[in-house]
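# Coordinates in review
One letter stands for each residue in the lines below.
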Amino acid sequence: MNRAHLDKNKADVASMFDAVAERYDITNDAMTFGISRWWRVEITRSVDPKPGELILDLAAGTGSSSVPYAQRGATVIAGDISEGMLDVGRRRHPEIQFQYTDATDLDFDDNTFDVVTITYGFRNVQEPQKALAEMLRVLKPGGRLVIAEFSTPTFSPFARFYKEYIMRALPAVAKAVSSNPDAYVYLAESIRAWPAQLPLAHMIRDAGFDQVKYRNLTGGIVAIHHGLKPAGDAQ
């Protein structure tokens, strides 16, 4: 596809990820100089998967985020709108259930999951408030929401450098290792356009979650947001 725009049309986003599915994880490692592996460890620690828990991992792609949860004994449903990503995930991780899942229209009953999480995919959702409402609905009362997303560096001089990097260097790195570098132009734009930590926390709170908080990784390049479904909220 041509360079994606920020309208986040679901078909366009799915097609974009279909095109990069096979080398997506390798490209991510290259663009982050390997730091994404440490981020994954910290995200898993934040999700805190427990044996017997049922976890919905949205925008799961090829399942790199889902595997650590399954290794901790949780049952994981890895959902994504990209059939290309899902196909790669099924081939690499047959122990995990992969299925087409639209974050804005979850095909699950109320009060189903112990945890709903989404890693680096929330900024690609066309209607984030609608998605949050759906996440709240399918969580059990007291269930945990964990959103890991690229965010705004907290040190201003570094923030300026970072924005220049993701708009200039990131597509160049992607061109060297990816079959569809135009997709990474879209991803760079989506990172720059995404709300900072505090506005996203307010968005999560306004959706009905309790105890909303966040913590920064690598000076705010990534932020992990947490929220709980109110214990008495059995919809």
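Structure report, in brief. Keep in mind the model is a prediction, meaning the values are calculated, not measured. (Residues numbered from 1 in each chain as written. Predicted model: local features only at pLDDT ≥ 70, side-chain atom pairs only at ≥ 80, totals over all residues. Heavy atoms only, no water.)

### Some details on the overall build of the chain
- Per the secondary structure count, the chain includes 9 helices and 7 strands.
- In the chain, which comprises 235 residues, the proportion classed as buried is 54%.
- The long-range fraction of contacts in the chain, counting pairs at least 24 apart against all pairs at least 6 apart in sequence, stands at 68%. (Helix = DSSP H or I, 4+ residues; strand = E, 2+ residues; numbered from the N terminus. Buried < 20%, exposed > 50% of the residue type's maximum accessible area, 1.4 Å probe, protein only. Contact = heavy atoms within 4.5 Å.)

### With respect to the side chain of glutamine 197
- For glutamine 197, the location among the structural elements is in helix H9 (residues 197–206).
- For glutamine 197, a relative accessible area of 6% gives the class buried.
- At a separation of 2.9 Å, a polar atom in the side chain of glutamine 197 contacts the main-chain carbonyl oxygen of threonine 152.
- There is a polar contact of 2.8 Å between the side chain of glutamine 197 and the side chain of asparagine 216.
- Not counting residues within four places of it along the chain, the set of residues in contact with glutamine 197 comprises Ser151, Thr152, Thr154, Tyr214, Asn216, Gly220, Ala223 and His225. (Polar contact = N/O pair within 3.5 Å; in protein donor to acceptor, adjacent residues only side chain to side chain.)

### So, the sheet that holds strand S1 (residues 54–58)
- A sheet is described by the order of its strands in space; here 7 strands give the open sequence S3-S2-S1-S4-S5-S7-S6, paired in mixed fashion. Looking at the sheet topology across the chains shown, the edges are occupied by strand S3 (97–100) and strand S6 (210–217). Here the strands of the sheet are splayed against their neighbours by 20° on average, with no regard to which way each runs.
- Taken together, the 7 bridges between strand S5 (residues 139–150) and strand S7 (residues 222–228) define a ladder with antiparallel strand orientation. Among the inter-strand pairings, phenylalanine 150 is bridged to a residue of S7, identified as valine 222.
- Relative to S5, helix H6 (residues 128–138) is tilted by about 145°, and along the sheet it contacts S1, strand S4 (113–119) and S5.
- In the packing of H9 onto the sheet, the strands contacted are S5, S6 and S7, and the crossing angle to S6 comes to about 155°. (Pairing = 2+ DSSP bridges. Axes fitted to C-alpha atoms, helices over the stretch in contact; angles between N-to-C directions.)

### Quick notes on the side chain of glutamate 149
- Mapped onto the fold, glutamate 149 is located in strand S5.
- The exposure class assigned to glutamate 149 is buried, which follows from its relative accessible area of 1%.
- Polar side-chain contacts of glutamate 149 include one of 3.0 Å to the backbone nitrogen of phenylalanine 122.
- Ignoring anything within four residues of it in the chain, the contact list for glutamate 149 reads Tyr120, Gly121, Phe122, Arg123, Trp194, Ile221, Val222 and Ala223.

### Observations regarding the pattern of salt bridges
- Tallied over the entire structure, the rule returns 10 salt bridges.
- Put simply, glutamate 149 and arginine 123 hold a salt bridge, and the shortest N to O gap is 2.7 Å. You can see glutamate 149 sitting in strand S5 and its partner arginine 123 sitting in the loop between S4 and H6, a full 26 residues away along the chain.
- Given a relative accessible area of 3%, arginine 123 falls into the buried group.
- The salt bridge involving glutamate 134 is made with arginine 137; its shortest N-O contact spans 2.9 Å. Residue glutamate 134 and its partner arginine 137 are located together in helix H6, separated by 3 residues, close to a single helical turn. When sorted by exposure, glutamate 134 lands in the same class as arginine 137, which is buried.
- Salt bridges linked by common partners bring Glu42, Arg45 and Arg215 together as one network. (Salt bridge = Lys/Arg side-chain N within 4 Å of Asp/Glu carboxyl O.)

Fair warning: the whole summary comes from geometry, so function is off the table for now.
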